[in-house]
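Okay, here's what each chain looks like letter by letter:
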Amino acid sequence: MAFEPRLVGFLCNWCSYAGADLAGVSRFQYPSNIRVIRVMCSGRIDPVLIIEALIQGADGVLIGGCHPGDCHYVNGNLQASYKIGLTEKILGLAGIDPQRVRLEWVSASEGQRFADLVRDFTGVLQKLGPSNAKDKMDGLTAIRKALSDFRLRALVSNELKIVEEGNVYGDKLAKEKLLDIVYHATKEEFERSMILLLAKNNNVSVKDLSKRMNVPADRVLGHIVVLRQKNLLSMDHPEGFTPTYKTIEVGGEQ
Amino acid sequence: MAEKNETKDKPRIGVFVCHCGSNIGGFVDVPSVAEYAKTLPDVVYATDNLYTCADDGLTAIREGIRKHNLNRVIVASCTPRTHAPLFQATCESAGLNKYLFTFVNIREHCSWVHMKEKDKATRKARDLIRMGVARARLLEAQEEAKVDVAATGLVIGGGVSGMTAALSLADMGFPVHLVEKEGELGGFVKNLNNLYVTEKSATETIKPLIEKVKAHKNIKLHLNSTMKSVEGFIGNYNVVIGTKGEEDTKAKIGTIIVATGALEFVPEGLYGYNQYPNVVTLTEFEILCKKKTLPKLKNVAFVQCVGSRGQNKSYCSRICCNVGIKNAINIVDNYENMLGLMEKAGTVVEKIPVEQKVPDEILDRRRRRRGRERGEEGEAEEAKLGPSEKIEVTVFNRDVMAYGVEHELTYNKSREKRVKFVRYTPEHLPRVYMEGNQLTVGYFHETLKLERTMPVDMVILATPLVAQPDAGELSQMLKVPLGQEGFFLEAHVKLRPVDFATDGIYVCGTCRGPSDITECVTQAAAAASRAAIPLSKGYVLAEAIASEVNTDLCVGCGICATLCPYSAITVERGPKGMKAVVIKAACKGCGACGAGCPEKAMTMLHYTDEQLIVEGLAGIKEVVL
Ligand SMILES: Cc1cc2nc3c(=O)[nH]c(=O)nc-3n(C[C@H](O)[C@H](O)[C@H](O)COP(=O)(O)OP(=O)(O)OC[C@H]3O[C@@H](n4cnc5c(N)ncnc54)[C@H](O)[C@@H]3O)c2cc1C
Ligand code: SF4
Ligand code: SF4
Ligand code: FES
């Protein structure tokens, strides 16, 4: 029997949900794998919700919004494109295929497009096979943590504004450049979260970490310095041995 | 208060699965789905109905609520986009807050799109209901707060549209502020000579309107003025009106109508415009006619669709064909009236067109024949057509859009008056150049498939109406969108043509796209009546699907405020320090703030993170958290 992917779709009420309705009214047939959740706008989709769905076992997540310029709430879809673009990018860091997350524009009159989209996405997921999320739980958890970080969320949230209107100094950054900055900040945050996860239960050395995370040792060391400053890591350094590190448990931290 | 208790009580969920005749029942095993629903947590009642939206279906819901003491209702049937209001009202009539109702779509999203896979469709229907149950358990009753409305209108723009809208509101008894950028009322019509399909002068036509506006006791007119700032939301806008050389006016406004009009596209670099003296735009031509300063002409060419329909602008400007025809007829009929410099030697171009010079006798015969065909005296027709002998008018067009009843008649009239229509295609645009001292139009004759030339004295370019250059500023100030071409964009192209998606702001006239005066007046009356609804009601219900700040988590960073497309969030100092404050009446519930808040301090009521996560989980696994 062919693999039946589990596909979760977040569709905005005004365009893509209506497009899915039209697919129904027009009797356009498509695979039954998708489970739709209606939201008011694609801008509602916090990247954390996507990661959550992947952690829970979704093989794919589709986010549907209105075409650029058509968002019922002016620019929610634009905000979504920044946030979800970033999410797709950092999934790769955790070893999850970014093709598992897709942001698509579907208008209320594009029933055919919606049906085609679901068929296509289901096919892609079938080819990718079952999600490897179970084996990548550490990575996904680190992503979730990174995406919950204040500094990063503030940066992502301001992205649109900095590109469109400029920052407080009036500088306008090119979109590509900013995406790059945000991506690197996210990567940093992700790697630090990863270190904290790997060092949660037992002491680990820089070398261990570097190997398990596939990140150069000097980079790991840089992170460790920061985490030590923030008092998130303890160090064990018996004479004659390489130092090892362990996460300091903070009350209530998951 | 009773409603709040419903929320706190342990959920008692009732599930109503609809057959929709055979629309769902034919492709999904509905009874088994209803049976399955009974096994889900907190579901105390589940049934299937032939048509849930029919009387007996709705009665079943009401009775279910009463008999089983339901505090959550799920209907699994068609789409919430059409049927949610009906079921919500049914719940409310049985005393259940409408936000405790959950819609599960098993028709458009299931039975109709998996018609050949009954097993899979049935499994999906079950999953969708499980998702609904997971969501329903976490729902909370919501209240739609009543917000008072300041019963004063604001109209921006004092053209025909703005004046009409202001008068309508004023006649209904509402005070209106009318803000006009320039020193006088009238807008674009001030430039025009006469108005199709009448022959009356434009100035005379709008004079009564201007006088009424000026005299109306309910209209406060602000000339030389613009809106400097606006904040607030429907019913409660705080507007600052800036007037040149005067103190700012502050006003509390209930609803706003945007009527800022449009401008004529300037065909810089096209068809010899600004290069040769007698190449003018339609508006410039009307101004010359109005001021009676036309040079003497023998041969006039109109070029239609200059810069529109895929050239500089993508759209058809809708009015220019008819404005072109109007002016072509004017030239033939009233040309002598509009002449100013006739006697002045030098400006007179005295060349008889070489091309298609039909001998006078033949022309006369043709004319008399046309007259006889219409049962008129040959002589009368002759008199009417008098001046046309002296002037040739050619309209180069892509195709003539003389839509509707009157315009087609006018077009026919122009044909009778010997106005020539010559077609061109976008591949073969006409060219305007100087042949020695002679202004000339070169064109490709589509029927003869030949290059031709036509010496002319004047070329009139029909260019499209274009958006006001400062429309973007206004759009940002008011948080209302512009379409791709810079015109204001209505909420729904078919069903809400004069509303913006933002409640409390409306639009009419050429600022939302090319339209003529008849259309502007219609739109203006429509916008005024839409704007009057909240004003006369005196209150609006605030959307309950809105954001809510957790003041313990909020750090007052203000990021949510920058993300909100509706300025519905301010950051204010309170007992706990700087915190975000949501203006419920302005929030539209898009959720952008919640998705962006770095502290996750924003909850989207009715679409909380938890609700979305459990719904997703229930869709992935057979669990209800
Ligand atoms: C050459 C030509 C010929 C035409 N002939 C005809 C005809 O024969 N028959 C016909 O029915 N229609 C005709 N029209 C169309 C007609 O002119 C328009 O339909 C009409 O003028 C539109 O009215 P309006 O009030 O929407 O906009 P406008 O007349 O453009 O008025 C808008 C007003 O808003 C003001 N304004 C703009 N921005 C602001 C701001 N930010 N704050 C405050 N005030 C602002 C402007 O100063 C202006 O007074 C013609 C148009 C052209 C170009
Ligand atoms: S974004 Fe969040 S933390 Fe910042 S002000 Fe808004 S609610 Fe408060
Ligand atoms: S939900 Fe949307 S409209 Fe409401 S406050 Fe947040 S961003 Fe603004
Ligand atoms: S409403 Fe569809 S993307 Fe915003």
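Residues numbered from 1 in each chain as written. Chains lettered and ligands numbered in written order. Predicted model: local features only at pLDDT ≥ 70, side-chain atom pairs only at ≥ 80, totals over all residues. Heavy atoms only, no water.

A. The arrangement of the overall build of chain A in detail. Looking only at helices and strands, chain A has nine helices and six strands in total. For chain A, the residues scored as buried account for 53% of the 254 residues in total. Excluding contacts between residues fewer than 6 apart, the proportion of contacts in chain A whose partners are at least 24 apart in sequence is 73%. (Helix = DSSP H or I, 4+ residues; strand = E, 2+ residues; numbered from the N terminus. Buried < 20%, exposed > 50% of the residue type's maximum accessible area, 1.4 Å probe, protein only. Contact = heavy atoms within 4.5 Å.)

B. View of the side chain of N49 of chain B. Residues and elements named next belong to chain B. Position of N49 relative to the elements: it lies in strand β2 (residues 43-49). With relative accessibility at 10%, the residue N49 sits in the buried group. One polar contact links N49 to T52, side chain to side chain, over a distance of 3.5 Å. Those residues in contact with N49 that sit more than four places away from it in its chain are F16, V17, C18, H19, C20, G57 and A60. (Polar contact = N/O pair within 3.5 Å; in protein donor to acceptor, adjacent residues only side chain to side chain.)

C. Inspection of the pattern of salt bridges at higher detail. For the coordinates displayed, the defined rule picks out 40 salt bridges over all chains. The shortest N-O distance in the salt bridge between E104 of chain A and R113 of chain A comes to 3.1 Å. Overall, the relative accessible area of 30% leaves R113 of chain A in the partly exposed class. Ionic pairing is found between R318 of chain B and E519 of chain B, a salt bridge with its closest N-O pair at 2.4 Å. Residue R318 of chain B is found in the loop between β15 (299-303) and α10 (320-338), and its partner E519 of chain B is found in helix α15 (residues 517-537); the two are separated by 201 residues along the sequence. Among the ionic contacts, a cluster of salt bridges with common partners joins R102, E104, E110, R113 and D120 of chain A. (Salt bridge = Lys/Arg side-chain N within 4 Å of Asp/Glu carboxyl O.)

D. Region of interest: the pairing of strand β4 (residues 101-105) of chain B. Residues and elements named next belong to chain B. With five of five residues buried, β4 is to be regarded as a mostly interior element. As defined by bridge partners, strand β3 (residues 72-77) adjoins β4 across five bridges and the pair is classed as parallel. Its bridge partner being in β4, V73 is matched across the sheet by F101. Note on the crossover from β3 through helix α4 (residues 80-93) to β4: the handedness is right-handed. (Pairing = 2+ DSSP bridges. Right-handed = clockwise from strand over helix to strand, strands pointing away.)

E. Molecular detail of helix α2 (residues 30-38) of chain B. All names here are of chain B. Listed as buried for α2 are V30, V33, A34, Y36 and A37. For α2, the angular spread of the buried residues around the axis is 155 degrees, confining them to a single face. The elements touched by buried residues of α2 are β1 (13-18), β2 and α6 (118-138). (Arc of directions from axis to C-beta.)

F. Layout of the environment of G245 of chain B. Residues and elements named next belong to chain B. Relative to the helices and strands, G245 resides in the loop between β10 (236-243) and β11 (249-253). Take G245: its relative accessible area is 84%, and that puts it in the exposed class. G245 sits 21 residues away from N224 along the chain, and the two C-alpha atoms are 9.0 Å apart.

G. Seen up close, the site of ligand 1. All names here are of chain B. Around ligand 1, the surrounding shell holds 38 residues, and the nearest of these are S161, E180, F188, K326 and S515. One of the backbone nitrogen or oxygen atoms of A262 is found 3.5 Å away from an oxygen atom of ligand 1. Between ligand 1 and the protein, one listed contact pairs an oxygen atom with a backbone N or O atom of S515 at 2.7 Å. For ligand 1, whose free accessible area comes to 1000 Å², the fraction covered by protein is 96%. Mapped by element, the contributors of at least two residues to the shell around ligand 1 are α7 (160-171), β9 (225-233), α9 (282-290), α10 and α15. Top contributing element to the shell around ligand 1 by residue count: α9, with three residues. Among the residues making up the shell around ligand 1, the classes are represented as 16 nonpolar, 15 polar and seven charged. (Near = heavy atom within 4 Å. Areas by Shrake-Rupley, 256 points an atom, 1.4 Å probe, with all protein chains shown as cover. Nonpolar A, V, L, I, M, F, W, Y, C, P; charged D, E, K, R; others polar.)

H. Focus on the packing of aromatic side chains. Considering all chains together, one arrives at twelve aromatic pairs over all chains under this definition. When the ring of F101 of chain B is compared with that of F103 of chain B, the centres are 5.7 Å apart and the planes differ by 85 degrees; the resulting orientation is edge-to-face. When its relative accessible area of 15% is taken as the criterion, F103 of chain B is described as buried. For the pair F285 of chain B and F302 of chain B, a centre-to-centre distance of 6.3 Å together with 75 degrees between the ring planes defines the contact as edge-to-face. Residue F285 of chain B is found in helix α9, and its partner F302 of chain B is found in strand β15; the two are separated by 17 residues along the sequence. Like F285 of chain B, the residue F302 of chain B is buried in the burial classification. Ring pairs connect the aromatic residues W14 and Y73 of chain A together with Y566 of chain B, which therefore count as one cluster. (Phe/Tyr/Trp six-rings, centres within 6.5 Å; stacked < 30°, edge-to-face > 60°.)

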